[in-house]
Amino acid sequence: AEVLDLESSRKSVSLTVIADEDAGTVKVPLISGVPEVNGYRIKADIPAVDPQVLREDAGADPARVKDEYLQLPDKLPERVKQLADRITSASLTRYDAVVAVEDYLKTYYAYTMDTRVPPQGEDFVDDFLFTTRKGYCNHFSTAMAVLLRGEGIPTRYVRGFAPGKED
């Protein structure tokens, strides 16, 4: 359990945060007598990890990780998997494959908020990768997750959090 500082109209209070890893949720149980919460501040410590250490990590993935983070749509177009194969073909490690996909998306796709919904029955990632070739964070993160999962690299799609310095 971590400590989360909550701000109220009367005082700052510290409560326990309960993280449920299986459900992917974080909850703050409210305690009787605690004033109404008006805001919160979370401090996340993101470890600096050496890329060489990541390249050398070749351990097996737990079954529960593979079960949850390798799922792909049944009707995923074959050309998406073929693209993943081409992008990662020179990669010697999973870390290098992740970097290759990231670099590919940065190089060949444009970031824009001016997007469209794919036509009825079209795959979202296929439409982004082969038709529009532009999108915003959801397009890039979804495409990266699908491309990596297609290569057998467990990938968790996460949104709503960006590391960086407080500004």
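Notes on the structure follow. (Residues numbered from 1 in each chain as written. Predicted model: local features only at pLDDT ≥ 70, side-chain atom pairs only at ≥ 80, totals over all residues. Heavy atoms only, no water.)

Regarding the overall build of the protein
Secondary structure assignment for the protein yields six helices and six strands. Across the 167 residues of the protein, 25% fall into the buried class. Total accessible area on the protein stands at roughly 12,200 Å², and carbon and sulfur atoms take up 51% of it. (Helix = DSSP H or I, 4+ residues; strand = E, 2+ residues; numbered from the N terminus. Buried < 20%, exposed > 50% of the residue type's maximum accessible area, 1.4 Å probe, protein only. Areas by Shrake-Rupley, 256 points an atom, 1.4 Å probe, with all protein chains shown as cover.)

A few points about helix H5 (residues 124-132)
When we look at burial in H5, the residues that qualify are Val125, Asp126, Asp127, Phe128 and Leu129. Looking at the buried positions of H5, the neighbouring elements they touch are helix H3 (78-88), helix H4 (94-108), strand E6 (134-135) and helix H6 (137-150). At the N-terminal boundary of H5, the capping side chain belongs to Asp123, with an oxygen 3.1 Å from the backbone nitrogen of Val125. (Contact = heavy atoms within 4.5 Å. Polar contact = N/O pair within 3.5 Å; in protein donor to acceptor, adjacent residues only side chain to side chain.)

Some details on H6
Helix length check: H6, at 14 residues, gives a terminal C-alpha distance of 20 Å against a target of 20 Å (1.5 Å per residue), a fit within 8%. Every buried residue of H6 is accounted for by His139, Phe140, Ala143, Ala145, Val146, Leu147, Leu148, Arg149 and Gly150. Check the buried side of H6 and you find it contacts helix H2 (63-69), H3, H4, strand E5 (110-111), H5 and E6. (Expected span 1.5 Å × (residues − 1).)

Section: the side chain of Asp126
Looking at where Asp126 falls in the secondary structure, it is placed in helix H5. Residue Asp126 is classed as buried on the basis of its relative accessible area, which comes to 4%. In contact with Asp126, not counting residues within four places along its chain, are Pro77, Arg79, Val80 and Thr131.

Quick look at unusual backbone geometry
With phi around 55°, Arg133 is a residue other than glycine that occupies positive phi space. Tracing the chain through its elements places Arg133 in the loop between H5 and E6.

Observations concerning the environment of Val101
Turning to its location among the elements, Val101 is positioned in helix H4. In sequence terms Val101 and Met144 are 43 residues apart; their C-alpha atoms lie 6.6 Å from each other. In contact with Val101, not counting residues within four places along its chain, are Ile87, Thr88, Met144, Leu147 and Leu148.

Here we look at the packing of aromatic side chains
Summed over all chains, the structure comprises five aromatic pairs. With 4.8 Å between their ring centres and 45° between their planes, Tyr104 and Tyr108 make a pair best called tilted. With Tyr104 and Tyr108 both in helix H4 and four residues apart, the pair spans about one turn of that helix. Owing to a relative accessible area of 47%, Tyr108 belongs among the partly exposed residues under this scheme. For the pair Phe128 and Phe140, a centre-to-centre distance of 5.1 Å together with 70° between the ring planes defines the contact as edge-to-face. A residue pair is termed long-range when its members are at least 10 positions apart, and Phe128 in helix H5 and Phe140 in helix H6 qualify at 12 residues. Considered together, Phe128 and Phe140 belong to a single accessibility category, that of buried residues. Ring-pair connections join several aromatic residues into one group, and the members of that group are Tyr104, Tyr108, Tyr109, Tyr111, Phe128 and Phe140. The lysine or arginine in question, Arg133, covers the ring of Tyr109, its NZ or CZ lying 4.6 Å from the ring centre. (Phe/Tyr/Trp six-rings, centres within 6.5 Å; stacked < 30°, edge-to-face > 60°. Lys NZ or Arg CZ within 6 Å of the ring centre and 35° of its normal.)

A few points about the pattern of salt bridges
One pass over the full model with this rule turns up seven salt bridges. In this structure, Glu151 engages Lys81 in a salt bridge whose closest nitrogen and oxygen atoms are separated by 3.3 Å. Remark: Lys81 occurs in helix H3 and Glu151 occurs in the segment after H6; sequence separation between them is 70 residues. Of the residues examined, Glu151 reaches a relative accessible area of 27% and is grouped as partly exposed. Classification of Lys81 as partly exposed rests on a relative accessible area of 28%. (Salt bridge = Lys/Arg side-chain N within 4 Å of Asp/Glu carboxyl O.)

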